[in-house]
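Listed below are the residues making up each chain.
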Amino acid sequence: NAGVTQTPKFQVLKTGQSMTLQCAQDMNHEYMSWYRQDPGMGLRLIHYSVGAGITDQGEVPNGYNVSRSTTEDFPLRLLSAAPSQTSVYFCASSYNVLGGTDTQYFGPGTRLTVL
Amino acid sequence: DQQVKQNSPSLSVQEGRISILNCDYTNSMFDYFLWYKKYPAEGPTFLISISSIKDKNEDGRFTVFLNKSAKHLSLHIVPSQPGDSAVYFCAASAEKLIFGQGTELSVKP
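Residues numbered from 1 in each chain as written. Chains lettered and ligands numbered in written order. Predicted model: local features only at pLDDT ≥ 70, side-chain atom pairs only at ≥ 80, totals over all residues. Heavy atoms only, no water.

(A) Here's a closer look at the layout of surface pockets. Counted as a void, the largest pocket has a volume near 600 Å³. Of all elements in the fold, only strand E4 (31-38), strand E9 (87-94) and strand E11 (110-114) of chain A together with strand E9 (86-93) and strand E11 (103-108) of chain B reach the threshold of two or more residues within the lining of the largest pocket. (1 Å grid on protein atoms, 1.4 Å probe; cavity = no way out; pocket = protein on both sides within 12 Å on 5 of 7 lines; lining within 4 Å. Points joined across faces, edges and corners; volume = space filled by probe spheres on them. Helix = DSSP H or I, 4+ residues; strand = E, 2+ residues; numbered from the N terminus.)

(B) Spotlight on the interface of chain A and chain B. Contacts between chain A and chain B engage 22 residues on the former and 22 residues on the latter. Taking both sides of the interface into account, the surface hidden between chain A and chain B amounts to around 1700 Å²; carbon and sulfur atoms contribute 61%. At the junction of chain A and chain B, the tally comes to zero salt bridges. On inspection of chain A and its partner chain B, the count reaches two residue pairs in polar contact (both at pLDDT 80 or more). (Contact = heavy atoms within 4.5 Å. Buried area = accessible area lost by both parts, 1.4 Å probe. Salt bridge = Lys/Arg side-chain N within 4 Å of Asp/Glu carboxyl O. Polar contact = N/O pair within 3.5 Å; in protein donor to acceptor, adjacent residues only side chain to side chain.)

(C) Structural context of the side chain of Ser-80 of chain B. Residues and elements named next belong to chain B. Considering the arrangement of structural elements, one finds Ser-80 in the loop between strand E8 (72-77) and E9. Polar contacts involving the side chain of Ser-80 include one to the side chain of Ser-19, which spans 2.6 Å. In this structure Ser-80 touches Val-13, Gln-14, Glu-15, Gly-16, Arg-17, Ile-18, Ser-19, Arg-61 and Val-107, once residues within four positions along its chain are discounted.

(D) A look at the sheet that holds strand E1 (residues 4-7) of chain A. Residues and elements named next belong to chain A. Strand order in the open sheet formed by four strands is E1-E3-E8-E7, with antiparallel pairing between adjacent strands. Of all the strands in the sheet, the pair left with one neighbour each is E1 and strand E7 (64-66). Here the strands of the sheet are splayed against their neighbours by 20 degrees on average, with no regard to which way each runs. The sheet contact formed by E7 and strand E8 (residues 76-78) spans three bridges and is antiparallel. If you follow Tyr-64 over to E8, its bridge partner there is Leu-78. (Pairing = 2+ DSSP bridges. Axes fitted to C-alpha atoms, helices over the stretch in contact; angles between N-to-C directions.)

Given below as structure tokens:
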């Protein structure tokens, strides 16, 4: 099992450009989510999905879109990048979000810089 | 409005001593609490969790305590080892997982 994979590892964008951060998992997990990590802010939930075809907003959804057409993939789209979106992005998955025994597995992260 | 708070951004402890990391929350609907550990340039990894119906859970050197009346949880690491140096995030679960800001633990030999 590869677990949770994210591409790219690093990305530099100019303000206004668009891009898609890819996330895939091979554990047949229903629940997937995107977080951003910023200094002093911890991990903040952007969007999450409880299964294919179902997505919902987290704490900081503005400027980001997601879709979940398959169980395996959960891409995060930046439609018009802004410097405030400079951050490290983590994708995570779990069988079920409820229950402390069902842990979330995180990908290695994508470091995004918007100039 | 931060529902999960870790008020200490950093903690330094001597090897062999106890490390105590603290976390406060505001939402009484949270039903599970978890601790994650994160090394630089890696994703967070699960460490230990506790259900809201319990007040203590132990796993080797790691123990999590939950005080529901105070809406407070803590992670105890005994004895602390240099390899424990990392950022520790507490998280709380309802229908989604909410994280605190993290505490950077440094264990000095």
